[in-house]
Amino acid sequence: MLRLSKRTATLQRINPDHQLRKDGTAIKVLNMASVQRGRSAEFTLEPLGAGPVTTRITSEITAIHALS
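Residues numbered from 1 in each chain as written. Predicted model: local features only at pLDDT ≥ 70, side-chain atom pairs only at ≥ 80, totals over all residues. Heavy atoms only, no water.

Draft legend 1. Up close: the overall build of the protein. Looking only at helices and strands, the protein features zero helices and five strands. Order of helices (α) and strands (β) in the protein, N terminus to C terminus: β-β-β-β-β. Residue burial in the protein is summarised as follows: out of 68 residues, 18% are buried. For the protein, restricting intrachain contacts to residue pairs at least 6 apart in sequence, the fraction spanning at least 24 positions comes to 17%. Working note: accessible area of the protein is about 5,500 Å², and carbon and sulfur atoms make up 50% of it. (Helix = DSSP H or I, 4+ residues; strand = E, 2+ residues; numbered from the N terminus. Buried < 20%, exposed > 50% of the residue type's maximum accessible area, 1.4 Å probe, protein only. Contact = heavy atoms within 4.5 Å. Areas by Shrake-Rupley, 256 points an atom, 1.4 Å probe, with all protein chains shown as cover.)

Draft legend 2. Representation of the sheet that holds strand β5 (residues 54-57) within the structure. Sheet architecture is open: five strands sit in the order β1-β2-β3-β4-β5, paired in antiparallel fashion. Edge positions in the open sheet fall to β1 (2-4) and β5, since each of these has one partner strand only. Adjacent strand axes in the sheet meet at a mean angle of 40° when their direction is disregarded. Sheet topology places strand β4 (residues 42-45) next to β5; four bridges connect them, and they run antiparallel. Residue pairing across strands places leucine 45 opposite threonine 54, the latter belonging to β5. (Pairing = 2+ DSSP bridges. Axes fitted to C-alpha atoms, helices over the stretch in contact; angles between N-to-C directions.)

Draft legend 3. Structural context of a nonpolar patch on the surface. Taken together, Leu4, Met32, Val35 and Ile64 make up a surface patch of nonpolar side chains, about 350 Å² in accessible area. Within the secondary structure, valine 35 sits in the loop between β3 (27-32) and β4. (Patch = residues over 30% accessible without salt bridge, like charges linked within 9 Å, V, L, I, M, F, W, Y side chains within 5 Å. Salt bridge = Lys/Arg side-chain N within 4 Å of Asp/Glu carboxyl O.)

Draft legend 4. Geometry of the pairing of β4. Note that β3 and β4 share three bridges and pair antiparallel. Looking at β4, one finds that asparagine 31 is bridged to threonine 44.

Draft legend 5. Summary view of the nonpolar core. Judged by nonpolar contacts, Ala9, Leu11, Ile27, Val29, Ala41, Phe43, Leu45 and Ile61 together constitute the single largest core of eight residues. Going through the elements one at a time, β2 (9-11), β3 and β4 are the ones with two or more residues in this core. (Core = buried A, V, L, I, M, F, W, Y, C linked by side-chain atoms within 4.5 Å.)

Draft legend 6. Region of the structure containing the environment of phenylalanine 43. Position of phenylalanine 43 among the secondary structure elements: in strand β4. With a relative accessible area of 3%, phenylalanine 43 lands in the buried category. As a C-alpha pair, phenylalanine 43 and arginine 56 span 13 residues in sequence and 5.2 Å in three-dimensional space.

So, to be careful, I would describe these as geometric facts and stop short of saying anything about function.
Okay, structure coming up:
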């Protein structure tokens, strides 16, 4: 799940079928490429370990929903 506000963007991985160590943790997004349904997206995230940044590429985006 990607949350956007006027000041910050955070990314949270939510996948009930495959649990990973940082699932559910909000991670600050430093940069993102275009986010479009039917395509994958690329995110540059705050460091999750050693190194200056972490990069993630998603699987195909199947839906985009506005949250209130």
